[in-house]
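Architecture and fold: a report
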Protein chains: 2
Amino acid sequence: MNIDALKQQLKGKLIVSCQTFEGEPIHGEGIVVKMAQCAKWADAAGIRANEPKNVKDIKAAVGLPVIGIWKVVQPGCDVYITPTMDAVDALVEAGSDIVALDATDRISHDGRKAYELIADIKKKYPDLPIMADISTVDEGINAEAWGADFIGTTLSGYTKHSVKTDGPNFELVEKLCERFADKVIAEGKINCPQEAVRCIQLGALCVVVGGAITRPHLTAQRFVSLLKEEEKNG
Amino acid sequence: MNIDALKQQLKGKLIVSCQTFEGEPIHGEGIVVKMAQCAKWADAAGIRANEPKNVKDIKAAVGLPVIGIWKVVQPGCDVYITPTMDAVDALVEAGSDIVALDATDRISHDGRKAYELIADIKKKYPDLPIMADISTVDEGINAEAWGADFIGTTLSGYTKHSVKTDGPNFELVEKLCERFADKVIAEGKINCPQEAVRCIQLGALCVVVGGAITRPHLTAQRFVSLLKEEEKNG
């Protein structure tokens, strides 16, 4: 799908991030596909998925556009979202409609800045839509200059140099939207429908929601935390 | 466990309703147990579960107190939450710590009013804690008079004669709490932690949250609905 058609399809819509990890209580065979089917059932416009196998399975099961990532953790390195060309190759092979990667200012697996991989991808796959996961306005501006088609606020609060917010970083969304009208994907800590709508009102192309929809243990924890706070103060 | 100990354990806490049904995208072998494990992980105080087999599996997996129900649908009858003594027997056998049933003013499988089953249960199982799922203040008062230990607002908005609310029926919670200080379990349409806390502030013993935690398709739908509304009006 070309980028304009993709943008048209995603505009104002919900993308559901469907991920589980070893050790999580909801983890298990076929769970991410079930999550994606839930998203499809609810008329979401797309899926964000981790690992080539899951991208492939989800594409086959629901047929929605998929933002593929591959979390590859390497000791001593903070960059883990699609950090290498090997990871990109596998995500393309699996059928990702968009590949997202860490495009922060941090040092990646190969000793270069994470965002430098964008140029390599654009050279190898000129037509592949790229989503740059960033944590600050400057990183967003930089990633766009390096050729990213979409700028995602995914990593706000998850790098040492970015602002920690309890909810979505609306200021970051707003500032990026002032520059790149139709390239901003709001992602990160969007916990309720009202917050998603706020991101769209600020100009975001679309929103990615993960935990609040697909990670029941984290949602339950938010309920328990607030109830405990009430017990202490109430 | 006796009722006072149970109340102590549940006071101010979260109970997670872990249910899936044939045809739902999240349905599948072992899913309700995974949901219960998510609740346990998050430090929830109890589980509400449907069907004896699930009660048993969940008790074995997480060891938390379980409110057992058995949804038995019969054509032409609106009452389906634990409508018969057979259902109660099976839930007791499965290890339910509390058995919940429809205690509304409606006609049940046997032609009697739904709440009349409370007296039969109390006779057969004098020590079994009973939760009466009701839809109005009058039904709550009545169910308590018939011997229910807990009054749940579960069915508010789901009977023809009760008020339809978008969120939790706070007024019902409040009015019941004025009468039965430590017997009210707030359940139904509690979609965010703030709503759960509000119920506790109104005097509820504890809260049951289901869909907002364990039904990703419904949560995704709430996001999609509000985004569509924004698209239409924005």
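Preceding this paragraph is the structure being described.
Not measured: the values here are computed from a predicted model. (Residues numbered from 1 in each chain as written. Chains lettered and ligands numbered in written order. Predicted model: local features only at pLDDT ≥ 70, side-chain atom pairs only at ≥ 80, totals over all residues. Heavy atoms only, no water.)

**A word on the sheet that holds strand 4 (residues 98–102) of chain A**
Keep this limit in mind: Pairing between strands requires that DSSP locate at least two bridges from one strand to the other. Runs of H or I in DSSP of at least four residues are treated as helices and runs of E of at least two as strands, each being numbered from the N terminus. Each axis is a line fitted through C-alpha atoms, taken for helices only over the stretch in contact, and angles between the N-to-C directions span 0 to 180 degrees. Between two residues, a contact is recorded if the distance between any of their heavy atoms is within 4.5 Å.
The parallel closed barrel is built from eight strands, whose spatial order is 1-2-3-4-5-6-7-8 (chain A). Taken pair by pair, the neighbouring strands of this sheet meet at an average axis angle of 25°, ignoring direction. Bridging between strand 1 (residues 14–18) of chain A and strand 8 (residues 206–209) of chain A involves three bridges; their strand directions are parallel. Across the sheet, the residue bridging to A:Ile15 is A:Val208, located in strand 8 of chain A. Helix 3 (residues 52–62) of chain A rests against strand 1, strand 2 (46–50) and strand 3 (66–69) of chain A of the sheet, and its axis sits at about 155° to strand 2 of chain A. Strand contacts of helix 10 (residues 216–233) of chain B: strand 1 and strand 8 of chain A, with the helix running at about 160° to strand 1 of chain A, the strand carrying the most contacts.

**Brief notes about the interface of chain B and chain A**
Operational definition: Buried surface area refers to the total accessible area, computed with a probe of radius 1.4 Å, that the two partners give up upon joining, counted for both partners together. Think of a salt bridge as a Lys or Arg side-chain nitrogen and an Asp or Glu carboxyl oxygen that are within 4 Å of each other. Each residue is assigned to one class: nonpolar for Ala, Val, Leu, Ile, Met, Phe, Trp, Tyr, Cys and Pro, charged for Asp, Glu, Lys and Arg, and polar for all the others, Gly among them.
Residue-level contacts link 42 residues of chain B with 42 residues of chain A. Here chain B packs against chain A, burying approximately 3,700 Å² in sum over the two surfaces, 76% of which is carbon and sulfur. Considering only the side of chain B, the residues that lose the most area to chain A are B:Trp41, B:Phe223 and B:Leu227, jointly responsible for 19% of the buried surface there. Connecting chain B to chain A are two salt bridges. With a shortest N-O distance of 2.5 Å, B:Asp43 and A:Lys228 are connected by a salt bridge. Sorting the residues of the side of chain B that touches chain A by element identifies helix 2 (31–41), helix 8 (193–201), strand 8 (206–209), helix 9 (211–214) and helix 10 of chain B as the ones contributing at least two each. Here the side of chain B that touches chain A gets 14 residues from one element, more than from any other, and that element is helix 10 of chain B. In the side of chain B that touches chain A, the residues fall into 25 nonpolar, 10 polar and seven charged.

**Details of the sheet that holds strand 4 (residues 98–102) of chain B**
Here we have eight strands rolled up into a closed barrel, ordered 1-2-3-4-5-6-7-8 (chain B), and parallel in their pairing. Between one strand and the next, the sheet's axes are offset by a mean angle of 25°, whatever the strand orientation.

**Observations concerning unusual backbone geometry**
We apply this condition: Relative accessible area decides the class of each residue, using a 1.4 Å probe on protein chains only: under 20% of the type maximum gives buried, over 50% gives exposed, and in between gives partly exposed.
Its identity is not glycine, yet A:Glu51 carries a phi of approximately 85°, on the positive side. Turning to its location among the elements, A:Glu51 is positioned in the loop between strand 2 and helix 3. For A:Glu51, a relative accessible area of 36% corresponds to the partly exposed category. The backbone of B:Thr82 shows a phi angle near 45°, a positive value even though the residue is not glycine. Locating B:Thr82 in the fold gives a position in the loop between strand 3 (66–69) and helix 4 (85–93). For B:Thr82, a relative accessible area of 0% puts it in the buried group.

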